[in-house]
Amino acid sequence: MVCIALLWAAWLFGGKLEGGAVADEWDSHRKFSAPRHGHLGFLPHKRSRRHRGKVKTWPKDDPSKPVHLTAFLGYKAGMTHILREIHRPGLKVSKREEVEAVTIVETPPLVVVGVVGYIETPRGLRNFKAIFAEHISDECRRRFYKNWHKSKKKAFTKYCKKWQDEAGKKQLEKDFVVMKKYCKVIRVVVHTQMRLLPLRQKKAHIMEVQLNGGTVAEKVDWAHEKLEKQVPVHSVFGQNEMIDVIGVTKGHGMKGVTSRWRTKKLPRKTHKGLRKVACIGAWHPARVGYSIARAGQKGYHHRTELNKKIYRIGRGMHVEDGKVVKNNASTNYDTTEKTITPLGGFPHYGEVKNDFLMLKGCVVGTKKRVLTLRKSLLVHTSRKALEPIELKFIDTTSKFGHGHFQTAQEKRAFMGPQKKHLLKGKPETQEEL
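Residues numbered from 1 in each chain as written. Predicted model: local features only at pLDDT ≥ 70, side-chain atom pairs only at ≥ 80, totals over all residues. Heavy atoms only, no water.

S.K.: I tried to follow the overall build of the protein on my own but got confused; where do I start?
M.R.: Along the protein, the regular secondary structure elements total nine helices and 17 strands. Relative to the 2.2 N^0.38 estimate, which gives 22 Å for 433 residues, the radius of gyration of the protein is 30 Å and therefore markedly larger than a compact globule would have. Projecting the C-alpha coordinates of the protein onto the three principal axes gives extents of approximately 110 × 70 × 60 Å. By the burial criterion, 39% of the 433 residues in the protein qualify as buried. Across the protein, the fraction of contacts at a sequence separation of at least 24, relative to all contacts at a separation of at least 6, is 75%. Total accessible area on the protein stands at roughly 27,300 Å², and carbon and sulfur atoms take up 55% of it. Put simply, the protein has 86 plus and 40 minus side-chain charges, and the middle of one group is 10 Å from the middle of the other. (Helix = DSSP H or I, 4+ residues; strand = E, 2+ residues; numbered from the N terminus. Rg over C-alpha atoms; globule rule 2.2 N^0.38 Å. Buried < 20%, exposed > 50% of the residue type's maximum accessible area, 1.4 Å probe, protein only. Contact = heavy atoms within 4.5 Å. Areas by Shrake-Rupley, 256 points an atom, 1.4 Å probe, with all protein chains shown as cover. Lys, Arg positive; Asp, Glu negative; His and termini not counted. Charge placed at Lys NZ, Arg CZ, Asp CG, Glu CD.)

See below:
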């Protein structure tokens, strides 16, 4: 009788005794355990509202350091690879050569066109005062219009008169003094220089960049002094520094669950397709849960990637002692005079003529995509982060094909004069004919 009573109780209260001795005959179960597909922390997987990466957290301010920018804007040009020697004592791979993939991000100087001061309130920071420069270029003013061609182009035409008359100058001085007195956070408004890039776009990207280091008064003075001036990338970042890259990933449009969530394909004979999810949930609750893999948008998501190491801060083409210097891809071991641009240019981008950053590994986005480069939020202490990087060789072969030659001179020496070179040599004879 006791056994019968125990069995009846087990059936009534979920079909299990202690230790799982008796199981309910209607319990459903899966044959194999498997982790879920996709990370729920990145939901919702929809198109980003912004094209330029937004800095949502700025590095902590340290007044003991000199005043400096905490972020920069760059444009993804493409990838190549480098050869370097590893310097990490104690590791087996130390003092060995390693080939690594690197990304080239073109970073022409930013132009400072404004200062914004913020005050602290119980609900966070509040915009207190904004001051703009007297002269703002057309590529910056284009950003304030949907259609620059049809517009009257009146943006900032009245504001700039403040810098010209006495009353306006007094008001501006008063604004700078008030900013020094009340503001806790100072940010500068900067824009990129599109005319220096090999892109069709003429409209500059504008963003606010926080100033860290020094007192508030020193920050305001620094911003006032830099108005209408250019800020190069080497004044913001340093060699071997770890930085964060914020941007929008490459878009792939509407995709099914197999591509979007990497779910397992169903067996070959499945009715109505096999690139599907077989069960999208129980009968009750009578709705599809948010965590179920479904078809929809893939890519073009806003992402922040941490800890990208700077392998090189390269200078663009510049004139020195009356000569054009363009050896920014040379190293101490490979002294060949060559630029970072591979033969034939970076595919889908073109030539890199300005300053650039060489970052280890890949970064988000497609070629030409604008990227926000931010100083790291962390204090790095690992040997990997602090390791000095000395490049032995930078590859500049064509990225459109197999790539056999590092420079155009090397190619010509091997292949001899080509048809295009012969045609260039005799333009007069063609005209005579």
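S.K.: What's the story with the pairing of strand β3 (residues 97-106) in this structure? I'm lost.
M.R.: Put simply, side chains in a regular strand alternate between the two faces of the sheet. In terms of strand pairing, strand β2 (residues 71-85) meets β3 through ten bridges, oriented antiparallel. In the strand pairing of β3, Leu83 is matched with Val99. In terms of strand pairing, β3 meets strand β15 (residues 356-360) through five bridges, oriented antiparallel. Note that in β15 the partner of Val102 across the bridge is Lys360. (Pairing = 2+ DSSP bridges.)

S.K.: How should the nonpolar core be read in this particular structure?
M.R.: If you look at soluble globular proteins, the nonpolar side chains tend to sit buried side by side. In terms of nonpolar packing, the biggest core is built from 66 residues, with Val188, Phe237, Met358, Leu359 and Leu373 touching the most fellow members. Among the elements that take part in this core, β2 stands out by supplying six residues, more than any other. Beyond its immediate sequence surroundings of up to four residues, Leu359 is in contact with Ala101, Val102, Thr103, Val105, Ile243, Val245, Lys309, Ile310 and Leu373. Val116, Ile136, Cys140 and Ile206 belong to the second-largest nonpolar core, a separate cluster that totals nine residues. (Core = buried A, V, L, I, M, F, W, Y, C linked by side-chain atoms within 4.5 Å.)

S.K.: How do you make sense of the pairing of strand β9 (residues 242-248) when you look at a structure like this?
M.R.: Of all seven residues in β9, seven are buried, a share of seventy percent or more. Alternating positions in β9 separate into two faces, Met242, Asp244, Ile246 and Val248 on one and Ile243, Val245 and Gly247 on the other, with burial throughout. Note: β9 against strand β16 (residues 370-375), four bridges, orientation antiparallel. Residue Ile246 lies in a different strand from β16, and its bridge partner there is Thr372.

S.K.: Looking at this model, I keep getting lost on the confidence of the model for the protein. Mind explaining?
M.R.: Interpretation of the predicted coordinates at a detailed level should be avoided for regions scoring low in pLDDT. Here the protein shows a mean pLDDT of 91. Residues at 70 or above account for 92%. Of all helices and strands in the protein, the one with the weakest mean pLDDT is helix α9 (residues 427-432) (50), whereas β16 scores best (98). This stretch, residues 14-23, has a pLDDT under 50; its non-local contacts, to residues over four places away or in other chains, come to twelve contacts. (pLDDT = per-residue confidence, 0-100.)

S.K.: Could you clarify how one ought to interpret the pattern of salt bridges in this entry?
M.R.: Side-chain pairing between opposite charges can occur once the charged atoms of the two side chains come close. A complete count under the given rule lists 17 salt bridges for this structure. Taking the shortest distance from any N to any O, the salt bridge between Asp221 and Lys180 comes out at 2.8 Å. Separated by 41 residues along the polypeptide, Asp221 in helix α4 (residues 216-226) and Lys180 in helix α3 (residues 166-182) bring together distant segments of the chain. Of the residues examined, Asp221 reaches a relative accessible area of 38% and is grouped as partly exposed. With a relative accessible area of 32%, Lys180 lands in the partly exposed category. (Salt bridge = Lys/Arg side-chain N within 4 Å of Asp/Glu carboxyl O.)

S.K.: Is there a simple way to explain the side chain of Ser330 in this structure?
M.R.: Of note, Ser330 is situated in the loop between β14 (323-325) and β15. From its side chain, Ser330 meets the backbone oxygen of Thr336 in a polar contact 2.5 Å long. If sequence neighbours within four positions are ignored, Ser330 has contacts with Arg312, Thr335, Thr336, Glu337 and Lys338. (Polar contact = N/O pair within 3.5 Å; in protein donor to acceptor, adjacent residues only side chain to side chain.)

S.K.: I tried to follow unusual backbone geometry on my own but got confused; where do I start?
M.R.: Trans is the prevailing form of peptide bonds, just as negative phi is the prevailing case for residues other than glycine. With an omega of -5 degrees, the peptide bond between Leu43 and Pro44 qualifies as cis. Looking at where Pro44 falls in the secondary structure, it is placed in the loop between α1 (2-12) and β1 (68-69). Residue Pro285 is reached from His284 by a cis peptide bond, and omega for that bond is 0 degrees. Looking at the secondary structure, you find Pro285 in the loop between α5 (257-261) and β11 (296-298). Here His348, not a glycine, exhibits a phi torsion of approximately 65 degrees, which is positive. Judged by its relative accessible area of 63%, His348 is exposed.

S.K.: Would you mind going over a nonpolar patch on the surface with me for this structure?
M.R.: A contiguous nonpolar surface patch, about 270 Å² in accessible area, is contributed by Met317, Val319 and Val324. With respect to the helices and strands, Val324 occurs in strand β14. Taking relative accessible area as the criterion, Val324 reaches 52% and is therefore assigned exposed. (Patch = residues over 30% accessible without salt bridge, like charges linked within 9 Å, V, L, I, M, F, W, Y side chains within 5 Å.)

S.K.: Teacher, can you tell me more about the environment of Thr341 here?
M.R.: Following the sequence through the fold, Thr341 ends up in the loop between β14 and β15. The buried category is assigned to Thr341, whose relative accessible area is 10%. Along the primary structure Thr341 and Gly117 are separated by 224 residues, whereas in three dimensions their C-alpha atoms are 40 Å apart. Other than its neighbours up to four places away in sequence, Thr341 contacts Phe346, Gly350, Glu351, Val352 and Thr396. Among the polar contacts made by the side chain of Thr341, one reaches the main-chain amide nitrogen of Val352 at a distance of 2.9 Å.

S.K.: I'm lost on the layout of surface pockets in this one. Help?
M.R.: One water molecule sets the probe size; rolling that probe over the atoms shows where empty space is left. Empty space within the largest pocket amounts to approximately 590 Å³. The wall of the largest pocket is formed by 17 residues, among which Arg30, His37, Thr263, Lys264 and Val277 lie closest to the centre. The residue inventory of the lining of the largest pocket, partitioned by class, reads nine nonpolar, three polar and five charged. (1 Å grid on protein atoms, 1.4 Å probe; cavity = no way out; pocket = protein on both sides within 12 Å on 5 of 7 lines; lining within 4 Å. Points joined across faces, edges and corners; volume = space filled by probe spheres on them. Nonpolar A, V, L, I, M, F, W, Y, C, P; charged D, E, K, R; others polar.)

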